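Spelled out from the first residue to the last, the chains are:
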Amino acid sequence: MSTWGLIKTVFFTALTVVFFFIIWVENPFTHHAEYEIPEEAEKIINDPKAALEGRELFKQNCTSCHSLRYDGIYLMSVTAKPEWSKIEKTMGKPLLEEKDGKIRVKGYFVPRDVYESVAFADLQALKASFGKIPPDLSTMYLSRGAGYLYNFISDPQKVLPGTSMPKLFFPEYDKEAPQKVAKIVAYMRSVNEPPPGEKAKRALMGVVTIAYFIGMGALLWLYRKKVVASMKH
Ligand code: HEC
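Within each chain, residue numbers correspond to sequence positions counted from 1 in written order. Given that the model is predicted, a residue must reach a pLDDT of at least 70 before its local features are reported, and side-chain atom pairs must reach 80 or more before they are shown or counted; all residues, however, enter totals for whole chains, interfaces and linings. For side-chain calculations, the full set of non-hydrogen atoms in the structure is used, while hydrogens and water are omitted.

A. Summary view of the coordination of the iron atom of the ligand. Only N, O and S atoms count as donors, using a 2.8 Å cut-off from the metal and 3.2 Å for Na, K and Ca, and because water is excluded some sites may appear unfinished. The protein atoms donating to the iron atom of the ligand are H66 (NE2) and M165 (SD), with metal-donor distances spanning 1.9 to 2.0 Å. Classification of the site at the iron atom of the ligand as octahedral follows from its 6 donor atoms and the range of 87 to 178° in their angles at the metal. Separated by 99 residues along the polypeptide, H66 in the loop between α3 (48–62) and α4 (76–79) and M165 in the loop between α9 (156–159) and α10 (177–192) bring together distant segments of the chain. Of the two residues, H66 and M165, neither departs from the other in class, the shared state being buried. Irregular is the label for any site that misses the other tests, which are tetrahedral for four donors with all angles between 85 and 135 degrees, and square planar for four donors or octahedral for six when opposite donors exceed 155 degrees and the remaining angles lie between 65 and 115. Secondary structure follows DSSP: runs of H or I at least 4 residues long count as helices, runs of E at least 2 residues long count as strands, and numbering of each begins at the N terminus. Whether a residue is buried, partly exposed or exposed follows from its accessible area with a 1.4 Å probe, protein chains only, as a fraction of its type maximum: under 20%, in between, or over 50%, in that order.

B. Main features of unusual backbone geometry. Within the chain, D100 stands out as a residue other than glycine whose phi angle is a positive 50°. Along the chain, D100 turns up in the loop between β1 (93–99) and β2 (102–109).

C. Quick peek at the packing of aromatic side chains. Any two of the Phe, Tyr and Trp rings considered here, Trp counted by its six-membered ring, make a pair once their centres fall within 6.5 Å; the pair's planes then place it as stacked at under 30 degrees, edge-to-face at over 60, or tilted in between. The tally for this structure, following the rule as stated, stands at 12 aromatic pairs. Here F58 and Y187 contribute two aromatic rings whose centre-to-centre distance is 5.6 Å and whose plane-to-plane angle is 55°, an arrangement assigned as tilted. In this pair, F58 sits in helix α3 while Y187 sits in helix α10, placing the two residues 129 residues apart along the sequence. The exposure class of Y187 is buried, given its relative accessible area of 2%. Cluster of aromatic residues (ring-pair linked, three or more members): F19, F20 and W24. For R144, the ring lying beneath its charged end belongs to Y148, and the centroid distance is 5.7 Å. Whether a charge lies above a ring is judged from NZ of Lys or CZ of Arg, which has to be within 6 Å of the ring centre and within 35 degrees of the ring normal.

In structure tokens form, the structure reads like this:
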């Protein structure tokens, strides 16, 4: 190999290594934790069982103002409408869950335009009360991260001074308050993050795919060498 060929090989190998290091290890595009989470809350947030309890807590405490459409959760005032269950079933896509070995429908994913037209008056009423429509929380975990959410839900004013989102959990009166907040964050996380087994499977798929390309590249390179050698005769 010529010196120039060697330089090129080293350069592109280094570029590839840096690329995967950035994607897998030091990703600048993901949220960096700037907010502290107590250790106990951190454990709850990473626990898939807590996420199930969190879903119920979310329904009880948040759906007077927020929807979470990706998981089939809509404003309380909308789901109380007599026509809603029919709209959900005809316009939505069923979301399945496994419970006690049985597959069942846990809700419906309804397209945004359909939902927002049914919920129009409700959303406008919230806007009139709070100055803006409380956002749908489907991807909030991705954009804000666990630390932000835990601290914001515990005490909105402290994180976002002047926000119209009310404080809902008071450790002074409810000893379980910090755990409840952590469970809700665990739930929001579970909507955006694949379960641990699934995550490992996806990582493995990535490694296998890259290994395939490297192996294929090596074979092609050997084959090319053979063809070039035979052309000399
Ligand atoms: C009484 C209405 C109300 C309830 C109940 C409520 N919220 Fe909110 N929430 C709001 C409003 C209004 C905003 C928009 C605040 C803003 O942008 O200043 C908001 C914003 C948020 C945000 C986005 C913050 C950001 O950085 O933009 C999150 C996350 C959130 N709420 C989570 C929750 C969770 C979780 C619950 C249930 C435990 C909940 N909210 C219950 C009214 C509410």
